[in-house]
Amino acid sequence: MKKFFKEPQGLGFICGILVLFLCTGTFADETQQFKESYLLPNETIQDFLNRNTHYDTLNGLSPDGEHFMIPIRREFSSLELMAQKTYRLAMLEFCPKVNREWGLSTSGIKDLKIYSLEKRKSWMVDLPENIFISDMTWSPKGKKIAFLAHLQEGTQVWIADVATGKAKLLDDAYVMATLSGTRRWWRSAVEPSSMLQWTPEGSVLTFLVPPERGEEPKKDPVPSTPIIRHTREEATPTRTYPFLLRTPHDKKLLEYYTTSQLALLSPGKSPRKLGSPAMYMNISLSPDGKYILAEKMVKPFSYIVGYRAFPRELQVMDREGKVLSTVRKVPLRETRVRNEDSPLEDLPREVSWSPDGKGLYFLWKEKKKENKNPEEDNNSRKDRLMFLEPPFDMEKAQTLFSSEDRLSDVSFSRDGEYAFLTSHHKGKQDILCYDLRKKKPKKYVLVKDIDPDDPLKRPGDIITQQTPNGTEYVLLSSDGNSAYLQGRGYKENFKHQPFVDKISIKTGKKERVFESSSEMYERPLVPLDRDMNRMIISRESKTEFPDSYLWTQQGSLTQLTENKNPFPEFADCQRVDFKFTRRDGLTAHGRISLPNDYKKGTRVPAIFWTYPREYQSFEDYKKTAIRRHNLNEFPHTSFRNASELWLSQGYAVVVPDIPIVGEENKYNNHYIAHLVDSMYAAIRKVDNMGYVDVDRLGHGGHSYGAFATANILAHSPFFQAGIAGDGAYNRTLTPLTFQRERRFIWEAQDIYLEMSPFFEADHVETPLLMYHGACDDNSGTFLIQSERFMHALTGLGKRAVLYIYPFESHGPRCKETYMDLWARWLDWFDTYVKKEKTE
């Protein structure tokens, strides 16, 4: 492989809007790279970024089984939206003007569609323009949908009529959507809300901005105290969080903007306040509508961890807001970096309403015994399934059964007669069912000795459904004798076949109800009846775009949606899955996608996009690869990671696995060797396949992939240029573990230093483009990581550039940012990778 670099020339520059830093060297088109404005890429890329990528999926079924709700997301945010005043306190980001979590103010669901299964047609819910919505919740009978409307002046509760699509305001009171408005990234948009709950009589429970709260706490410009940090009586390692509380005033602001009033909203009536204001996180109404299970954040706050580690209390309240019982008090958790026992282990966990409305169920270990060795005591204490009936006196909680093994994943039949759960013993798992009708619950073993690490033998998980308010229950056959298991159907050839098995509760005998074709990826979405006679499934393949179908046991298959691939230009692109073998003998997997206009026999420039992952052994990687790769899945187009947009510009895109292998969690002892060896083997493979020009290769990565990009440029001569986004480059800034590294820097100092490309900056001889969100909220990837790496590269006379994007977090959201990134990415790689260079 040839390596070419021009003689460096002196140049240093800082520009405004993007906060652009450049170091010495000869650069790509300086007019393009240094321009103090947001740029636009070529018209082809602009067209791609402006397309509507939404497609319908029928998985949000109404309680009456007649309609589906289909959320439609806005693809990008905008600088105008992102520029809203935002507070970032204890890792909670919110917009104070509207009392709303930052994500709900800047992006999300912009439209809502209703689909009728009987009529085979859909219609839109009539929403105001320029709105985001969330927390869509079916009414008990499925005729209405309550949702949060995130408007310019604040958030309010609206109600949509399913039959007509008409939507109207329920009450003009503003909702407090800060603490309760946070969302986990994996949460489905059609899951029941934890801050909107329908009552049986048709009212809605929610959290309001307290009307008597007064003005925002004012900050005295003259400080009353220095900032003080102190150690604890015991070692208290924490992760590196970017937006922690810093001052007493920060604490006041956090309490002010997270305190809400639980209230009942009814049509034509004033809001009825329930209890006193508190820092509510979520609520769950009992199935009979009489009681409320509410979780609240409480003080003390901490300066060294985020709000998710602050104390919280789980309480049962009546419909007047009176606290009847405190089920659980979670203490402040400041130590959260290693795989140590959770403090929650000694508290009630998996607390939920019984689907039949009779009370609460939860798991709870036996109490610790006095004067006993802690380790011996922990191993000897039994796990228990508990039941708590009104008036919810915790001292009178009943033990339904206990187990020597740890229990998890508890769910119940709708009538409350059966409890299903998983037991854990010696690395194996059992799926159990207990008949609760007996005075001494009878135990049935449905599946025994499951190896959770073997994807090929996974029996699937118990199929559950949820009420509109989110109470989960197990789907049983109409005769009540069987449950169902749904599995991913992993196959060693990566052509997975999801399945549904009917399993007898008393005998454990299985009957296969559904299984995907081996040449399609068909997965169950929603059962339509208790005997699985009809089901909504999703079908797709490597070349066929996903659609939802009505499947029947009689063998019929009816297409319900008519989704279109928003990027048909890439439909016929050649994608080749390949294996490559490192010099240590590990065989890994990768995929190369070839340009739209690829001509057989030619070699094209290529972009490698990678993200290393850690494994305990070769076998561990093999099992994980089976889970991660799916050859029958449609290749959706990303706008960032390994994007197929590169294919339209004449580049191939190569995505190889980069396994970092180390026993006993010491993965990173071989990080650099495994990174470089994996890359070399992957390059040799695609070179031998005849697809790429190995003298015209670029490398890109985001987050830990950016870290890998900087390292591969510092430790190998394989690439002509690199792109690294939102990365961490100096591991001394994350001294108390990072990624899957469990050792502190003082336990593996040489590893931390060897892995840090910052300390190898003098060996980076390849042009590097970096970008970073100015408000990166990810643990470890502070903006200072990129700024200091840029500082080093500038001082050493290297060839690099850094773009800092205002308001962006850990990954771009704004369309303006994406447009600008693609303009600069293309210019960078077209200059250093694609163009012919002569020595």
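Everything numeric in this text was worked out from a predicted model, so none of it was measured. (Residues numbered from 1 in each chain as written. Predicted model: local features only at pLDDT ≥ 70, side-chain atom pairs only at ≥ 80, totals over all residues. Heavy atoms only, no water.)

Trainee: Explain empty space enclosed by the protein to me, please; I cannot follow it from the model alone.
Mentor: Rolled over the atoms, a probe with the dimensions of a water molecule shows which regions are left empty. Counted according to the given criterion, the structure contains 1 cavity of 30 Å³ or more. In this structure, the largest cavity occupies an estimated 30 Å³ of space. The biggest single contributor to the lining of the largest cavity is strand β47 (residues 768-773), with 3 residues. Tallied by class, residues from the lining of the largest cavity come to 3 nonpolar, 5 polar and 2 charged. (1 Å grid on protein atoms, 1.4 Å probe; cavity = no way out; pocket = protein on both sides within 12 Å on 5 of 7 lines; lining within 4 Å. Points joined across faces, edges and corners; volume = space filled by probe spheres on them. Helix = DSSP H or I, 4+ residues; strand = E, 2+ residues; numbered from the N terminus. Nonpolar A, V, L, I, M, F, W, Y, C, P; charged D, E, K, R; others polar.)

Trainee: In this structure, what is going on with the sheet that holds strand β19 (residues 312-318)? I would like to understand it.
Mentor: Paired through backbone hydrogen bonds, the strands of a sheet run either parallel or antiparallel to each other. The 4 strands lie next to each other as β17-β18-β19-β20, forming an open sheet whose pairing is antiparallel. Of all the strands in the sheet, the pair left with one neighbour each is β17 (279-285) and β20 (323-330). Taking each pair of neighbouring strands and ignoring which way they run, the sheet shows an average axis angle of 20°. As paired strands, strand β18 (residues 291-297) and β19 are joined by 7 bridges and run antiparallel to one another. Paired with methionine 297 across the strands is arginine 312, a residue of β19. (Pairing = 2+ DSSP bridges. Axes fitted to C-alpha atoms, helices over the stretch in contact; angles between N-to-C directions.)

Trainee: Where do I start with unusual backbone geometry in this structure?
Mentor: Phi is mostly negative for residues that are not glycine, and the peptide bonds are mostly trans. Here the amide bond leading from lysine 299 into proline 300 is cis, since omega sits at 15°, within 30 degrees of zero. Counting through the fold element by element, proline 300 comes out in the loop between β18 and β19. A positive phi angle is found at glutamate 664, which is not glycine, with a value near 55°. Among the structural elements, glutamate 664 can be located in the loop between β44 (659-661) and α8 (671-688). With a relative accessible area of 64%, glutamate 664 lands in the exposed category. Residues other than glycine seldom take positive phi values, yet aspartate 726 does so here, at roughly 50°. (Buried < 20%, exposed > 50% of the residue type's maximum accessible area, 1.4 Å probe, protein only.)

Trainee: What's the story with α8 in this structure? I'm lost.
Mentor: Because the α-helix completes a turn every 3.6 residues, residues three or four places apart line up on one side. Here α8 is 18 residues long and its end C-alpha atoms lie 26 Å apart, about the 26 Å a rise of 1.5 Å per residue gives. One or two residues past the end of α8 sits glycine 690, with phi positive at roughly 85°. (Expected span 1.5 Å × (residues − 1).)

Trainee: Explain the pattern of salt bridges here, please?
Mentor: Side-chain pairs of opposite charge can arise whenever the charged atoms involved come near each other. In this structure the tally under the stated criterion is 40 salt bridges. The salt bridge partner of lysine 110 is aspartate 111, with a shortest N-O separation of 3.0 Å. What makes lysine 110 partly exposed here is its relative accessible area of 32%. Of the charged contacts, one joins arginine 583 and aspartate 677 as a salt bridge, the two residues approaching to 2.8 Å between their closest N and O atoms. With arginine 583 in the loop between β39 (575-581) and β40 (587-593) and aspartate 677 in helix α8, the pair connects residues that are 94 residues apart, well separated along the chain. (Salt bridge = Lys/Arg side-chain N within 4 Å of Asp/Glu carboxyl O.)

Trainee: I would appreciate a short explanation of the pairing of strand β28 (residues 442-450) in the present structure.
Mentor: Taken residue by residue, a regular strand's side chains alternate between the two faces of the sheet. Sheet topology note: the strand β27 (residues 428-435)/β28 ladder contains 6 bridges and is antiparallel. Bridging from a neighbouring strand, leucine 432 pairs with valine 445 of β28. The antiparallel hairpin formed by β27 and β28 contains 6 residues in its connecting segment.

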